[in-house]
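# Structure at a glance
Residue-level listing of the chains:
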Amino acid sequence: MGSAKLEARGLGKRFKTRGQVVDALLGVDLSLGDREFVSVIGPSGCGKSTLFNIFAGLETPTSGDVLLDGRTTVGADLLGRVGYMPQQDLLMPWRNILDNTILGLEVAGVSKRVARERALDLFPLFGLSGFEKRYPDDLSGGMRQRAALLRTFLAGRDVILLDEPFGALDSLTRAGMQQWLLRIWEEHRKTILFVTHDVDEALYLSDRVYAMSKRPGRVTQILEVDIPRPRAYDVITSEPFIEMKQVLLEQLRLAHGPGKAA
Amino acid sequence: MTGTQREAAAPIANGAASVAPPAEDRRDTRRTIRRWVKAVTPPLLFAVFVLMLWEALVWITGISALLLPAPSQIALSLIENAGLFARNAVVTLSEILIGFALGALVGVGLGILLSYSRIFERSVYPWLVASQMVPIVAVAPILVVWFGFTLVPKVLVVALISFFPVVVNTVDGLQSVDRQMIDLMRTLGASRVKIMRAVRIPWAMPFVFSGLKIAMALAVVGAVFGEWVGSNAGLGYLMLAFNNQLATTDLFAAVLVLSAMGIALFFLVGGVERLVIPWHHDKRQGGR
Ligand SMILES: Nc1ncnc2c1ncn2[C@@H]1O[C@H](COP(=O)(O)OP(=O)(O)OP(=O)(O)O)[C@@H](O)[C@H]1O
Ligand SMILES: [Mg+2]
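Analysis parameters
- Every chain's residues receive numbers from 1 upward, in the order its sequence appears when written.
- To read the labels, note that chains go from A and ligands from 1, taken in the order they are written.
- With pLDDT at 70 or above as the cut-off, local features in this predicted model cover only qualifying residues; side-chain atom pairs require 80 or more to be listed or tallied, and sums for whole chains, interfaces and linings still use all residues.
- Side-chain figures throughout are based on the complete set of non-hydrogen atoms in the structure, without hydrogens or water.
- The method works on a 1 Å grid over the protein atoms by themselves. A cavity is a set of points holding a 1.4 Å probe that cannot get out, a pocket is an open set with protein on both sides within 12 Å along at least five of seven lines, and residues with an atom within 4 Å of a point line them.
- Grid points are joined across faces, edges and corners, and a volume is the space filled by probe spheres set on the points.
- Gly is placed with the polar residues, together with every amino acid not listed as nonpolar (Ala, Val, Leu, Ile, Met, Phe, Trp, Tyr, Cys and Pro) or charged (Asp, Glu, Lys and Arg).
- In this description, a nonpolar core means a group of buried Ala, Val, Leu, Ile, Met, Phe, Trp, Tyr and Cys residues linked to one another through side-chain atoms lying within 4.5 Å.
- Per-residue accessibility, obtained with a 1.4 Å probe over protein chains only, is compared with the maximum for each type, and a residue is labelled buried under 20%, exposed over 50%, and partly exposed between these values.
- Segments assigned H or I by DSSP are reported as helices when at least four residues long, segments assigned E as strands when at least two residues long, and all are numbered from the N terminus.
- Throughout the structure description, domain borders are defined by an automatic or database domain assignment.
- In this analysis, two residues are considered to be in contact whenever any of their non-hydrogen atoms come within 4.5 Å of each other.
- Put simply, buried area is the surface a 1.4 Å probe can reach on two separate parts but cannot reach once they are joined, added for both.
- Whether a residue is near a molecule or strand depends on its heavy atoms: it is near if one of them lies within 4 Å of it.
- The term polar contact refers here to a pair of N or O atoms within 3.5 Å; inside protein, the definition further demands a hydrogen-donor-capable atom paired with an acceptor-capable atom, and it admits residues adjacent in sequence only when both atoms are side-chain atoms.
- We count Lys and Arg on the positive side and Asp and Glu on the negative side, and we leave His and both chain ends out.
- Put simply, a salt bridge is a Lys or Arg side-chain nitrogen that is within 4 Å of an Asp or Glu carboxyl oxygen.

### A short note on empty space enclosed by the protein
Where empty space is left becomes clear once a probe the size of a water molecule has been rolled over the atoms. For the coordinates displayed, the defined rule picks out one cavity of 30 Å³ or more. Estimated volume of the largest cavity: approximately 40 Å³. Every residue along the wall of the largest cavity is listed here: Val82, Gly83, Tyr84, Thr152, Ala155 and Arg157 of chain A together with Thr187 and Leu188 of chain B. Grouping the constituent residues of the lining of the largest cavity by class yields four nonpolar, three polar and one charged.

### Details of the nonpolar core
Residues and elements named next belong to chain A. Core analysis: the biggest nonpolar cluster contains 52 residues, and Phe126, Leu149, Leu181 and Leu203 have the highest contact counts within it. Residue contributions to this core peak at seven residues, all from helix H5 (residues 141-154). Looking at this core, you find at least three residues from each of domain 1 (1-82 + 159-262) and domain 2 (89-156). In this structure Phe126 touches Arg146, Leu149, Leu150, Phe153, Trp180 and Ile184, once residues within four positions along its chain are discounted.

### With respect to the domain arrangement of chain B
All names here are of chain B. Split into domains, chain B comes out as domain 1 (18-62) and domain 2 (70-286). With centres defined by C-alpha atoms, the gap from domain 1 to domain 2 works out at 27 Å. The interface of domain 1 with domain 2 comprises six residues on the first partner and six residues on the second. Both sides of the domain 1 and domain 2 interface together cover about 570 Å² of buried area, and 65% of this is carbon and sulfur. In terms of surface lost to domain 2, no three residues of domain 1 exceed Arg35, Trp54 and Glu55, which account for 63% of the buried area on that side.

### What to know about the site of ligand 1
Residue and element names in this part refer to chain A. Around ligand 1 sit 14 residues, and of these Ser44, Lys48, Ser49, Thr50 and Arg215 come closest. Contacts to ligand 1 include Thr50, whose side-chain N or O atom sits 2.6 Å from an oxygen atom. Of all elements in the fold, only strand S1 (4-17) and helix H1 (48-56) reach the threshold of two or more residues within the shell around ligand 1. Here the residues of the shell around ligand 1 sort into three nonpolar, eight polar and three charged.

### Concerning the side chain of Glu95 of chain B
Residue and element names in this part refer to chain B. Following the sequence through the fold, Glu95 ends up in helix H4 (residues 82-116). It is Lys154 that comes nearest to the buried, bridge-free Glu95 among opposite-charge side chains, at 4.9 Å. Leaving out residues up to four positions away in the same chain, Glu95 has contacts with Leu151, Lys154, Val155, Val158, Ala223 and Glu227.

Written out as structure tokens, the structure reads:
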């Protein structure tokens with residue numbers, strides 16, 4: 001297991017608010033190898049964002065360990081080590097798109113001029129050309145997500161956590177974004193952990209999928225997606241894909257419990 | 001297949017960049033002018049109507065100018081005493097501007113300090129509120145005793161009266177910041193100072209400007225009050241002098257000059273706001 005970039009061992013998180021105790025995560029084991037694309041899928045409220053917050057250093061686990069590059073790293077020590085794109089794009093309305101994307105470089109102490117040059121090189125790839133000087137309010141949802149992604153990429157971390165980046169997009173835009181993300185991932189050799197509610201999305205993108213149960217969040221299944229890459233989009237209608245999809249859906253249905261819709 | 005996204009995005013992007021903005025800009029300026037005309041015309045027409053009514057009333061009733069001068073008489077006084085008004089307006093204006101700048105600076109600075117440290121906030125904030133309960137009427141004469149008939153007591157009265165709304169709004173703004181935006185900065189490895197500069201302060205700017213507008217309105221009143229307590233120049237001093245001389249027409253003229261100055265200063269703050277945080281203004285316009 002020495003090759004894992006990021007690893008969770010027996011991770012648990014308990015929230016105590018106003019006398020109420022909520023176990024968001026319970027004994028979660030998860031491993032993310034170098035340059036892997038791994039997805040986490042599970043019902044709403046099962047602790048996916050909580051898991052990401054722990055990986056990013058925003059929350060401290062109540063039990064278990066996080067290992068970064070094989071070394072146990074706790075709480076705030078993870079801050080600034082892992083790239084994180086939260087569920088909301090969180091673009092700053094007072095910065096134009098260009099200056100939003102260079103935030104990570106700016107924090108790292110890179111001069112604005114150099115940071116802007118480096119960002120501009122990537123604007124075409126992220127489909128943002130011509131919108132450098134626009135403000136976030138002028139952009140469509142898809143473009144805002146791409147801008148937030150560019151901000152995450154430019155921060156330059158090896159491991160990137162993406163929390164439902166395409167959750168708010170229509171299915172057509174979404175399919176385009178998925179193919180595009182795979183291309184970026186392949187070109188830039190990043191390690192990506194990805195949260196989604198969408199089974200097709202998880203299988204199409206990932207090397208491995210972790211299915212989680214509803215609260216308290218536990219890993220109920222680990223599915224290796226051995227479909228060769230590069231993957232054309234029509235693999236989602238191929239037989240092995242559909243078989244895996246059935247397995248995963250069945251698992252999620254069990255996780256959800258009877259009588260509840262996804 | 002991987003090319004579709006890029007091909008789809010690129011033409012839209014380039015088209016919007018090279019063609020749309022100039023046309024849009026022209027349309028924007030025209031729209032801005034139209035909006036201005038629309039905003040200014042009704043109050044102007046209303047003022048003309050009231051002035052005419054006032055003028056007619058004075059001539060019909062033959063009321064003494066000592067009690068109620070006609071607008072035409074006030075206008076005449078303005079022209080005849082233009083030099084006098086200008087000289088004294090400059091005095092009052094400098095009191096307002098210096099005092100306001102001082103109050104704003106202290107207000108914003110204190111606001112930032114207060115939101116930096118919880119203990120500092122908890123020990124100082126209540127006293128700030130308490131300080132506003134001390135009537136300025138009681139403080140101003142003491143200031144005059146200390147500093148004489150100079151600029152200083154007026155500037156201090158203006159500063160004292162205008163810093164409070166700035167502090168309160170700055171603190172509110174800094175504290176209302178989106179928690180998640182701060183968390184995002186933390187995951188990027190940002191320090192507290194960097195977070196303050198890159199997130200908290202820009203976030204608080206609209207709040208700060210709300211405070212500054214209120215402060216400016218209060219500053220004008222503060223300057224006049226400061227002059228009433230002890231001075232030998234300024235519009236407030238003129239008003240007092242005219243009042244003693246029963247020069248009602250000139251008094252009205254002085255009030256007019258002061259009001260015009262106050263309105264101009266208020267809108268000046270609004271103009272600065274648009275320059276400093278254009279993104280906020282654009283957003284509000286879009287919301288209408
Ligand atoms: N700071 C907190 N204090 C108390 N409870 C919390 C806190 N953060 C999360 N929780 C609880 O922990 C559980 C997991 O929340 P989390 O946001 O991780 O779910 P999620 O899987 O990301 O859901 P979604 O798919 O809707 O985004 C929820 O029941 C939530 O109410
Ligand atoms: Mg979530």
